[in-house]
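Here is how the chains run, residue by residue.
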Amino acid sequence: RVVVTGARGMLGREVVERFQAAGHHQVIACDHASLDVGDRDAVWQALTTAQPEIVMHCGAYTAVDACESDHDRAFRDNALAVRNVAQACADIGAHLVHVSTDYVFDGTKIEPYHEWDEPNPQSVYGASKLAGEREAVAALGARCTVARTSWVCGRYGNNMVKTVLRLLAAGDGPLRFVDDQRGCPTFADDMAAMLYRLAIERRGGVHHVTNQGPVSWYGFVRTVVQRVGADTGRVEPIRSTDLQPPRPAPRPANSVLDNAALRLSGIPLLAPWHGDALDRCLAAINAGA
């Protein structure tokens, strides 16, 4: 029996579908309307009633810039909520998989960040997500999996691939994207498959989970534009400082996550983002359009 929080989100929906596709799990999908994870009593009642063996905590407040002006909501939804879920998991003996982010790092390292690098978040969002990681580990120890990811895209919700397709359809003007932020785009269906394995195998500890291949947002957008047969000349590089209006939350210049824990454990890494993974995402978005 599996409980999935944030079950209506881009990643949560893929996680629900991945467990359902396996054919031998009872999946209880909880969105924010059905379960406010910031409410301790509601979380305890829901999990003690369901008695899941696994809890996939995909729910979060991910509006990065809005977090800067709403500190309380960020920490309620990204830190206190994890405390509530983790403590309930401890009470019922469930394994928790908690999804976190590259924003826990400051982005100043030249090399990719591995799981044992020291976090140093520069935004309220990143600080609240790091606090959530610590709450999960404090309550559950080895019975908790923390899965950090970055630049998530997919067929559900709002994400960069959909943004690019919308801009292409809107007109012939330039598409300006920053060339001084690097990361690894990650597709939600691939991420869900790895989360499924980590959960089933009860692999505790911190894991970085991304599709492979570092790229800037500018490079990523050019690839998407090229893949759909549009004019890549429309895509222009800019610096983060040139964004108008400026973004309230600082972004890590280096968001590249080394999937070291997976690699050292002998677990095959997710495929490169620029191959079949991107094509599959584009096909799924077009099919649902």
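What comes next concerns the included structure. Worth saying up front: this structure is predicted, and the values here are computed from it rather than measured.

Regarding the overall build of the protein chain
Helix and strand counts for the protein chain come out as 10 helices and 12 strands. In terms of overall size, the protein chain behaves like a compact globule, its C-alpha atoms giving a radius of gyration of 19 Å where 289 residues would be expected to give roughly 19 Å. For the protein chain, the residues scored as buried account for 49% of the 289 residues in total. A separation of at least 24 residues holds for 82% of the contacts in the protein chain among residues at least 6 apart in sequence. Entry remark: accessible area of the protein chain is about 12,700 Å², with carbon and sulfur atoms responsible for 50%. Seen as two clouds, the 29 positive and the 33 negative side-chain charges of the protein chain have centres 3 Å apart.

A few points about the nonpolar core
Grouped together as the largest cluster of nonpolar side chains are 27 residues, with contacts concentrated most on M160, V161, V164, F187 and F220. Mapped by element, the contributors of at least two residues to this core are α6 (160-170), β7 (175-178), α8 (217-227), β12 (235-238) and α10 (273-288). Excluding residues within four positions of it along the chain, F220 makes contact with C153, M160, V161, P185, V215 and W273. Within the second largest apolar cluster, 26 residues are counted, among which are L11, C58, M191 and Y196.

Quick look at the environment of F75
By secondary structure assignment, the location of F75 is in helix α4 (residues 71-92). On the basis of relative accessible area, F75 is assigned to the partly exposed category, the value being 25%. Separated by 49 residues in sequence, F75 and V124 have C-alpha atoms that sit 8.4 Å apart. Once you skip the residues sitting within four places of it in the chain, F75 turns out to touch L80, V124, A127, S128 and A131.

Concerning the state of the cysteines
By the definition in use, this model includes zero disulfides. Here C144 is not cross-linked by a disulfide; its sulfur's nearest cysteine counterpart is in C89, at 8.4 Å. In this structure C184 is a free cysteine whose sulfur lies 12 Å from that of C153, the closest cysteine sulfur available.

Reading the values: the criteria
Residues numbered from 1 in each chain as written. Predicted model: local features only at pLDDT ≥ 70, side-chain atom pairs only at ≥ 80, totals over all residues. Heavy atoms only, no water. Helix = DSSP H or I, 4+ residues; strand = E, 2+ residues; numbered from the N terminus. Rg over C-alpha atoms; globule rule 2.2 N^0.38 Å. Buried < 20%, exposed > 50% of the residue type's maximum accessible area, 1.4 Å probe, protein only. Contact = heavy atoms within 4.5 Å. Areas by Shrake-Rupley, 256 points an atom, 1.4 Å probe, with all protein chains shown as cover. Lys, Arg positive; Asp, Glu negative; His and termini not counted. Charge placed at Lys NZ, Arg CZ, Asp CG, Glu CD. Core = buried A, V, L, I, M, F, W, Y, C linked by side-chain atoms within 4.5 Å. Disulfide = S-S within 2.5 Å.

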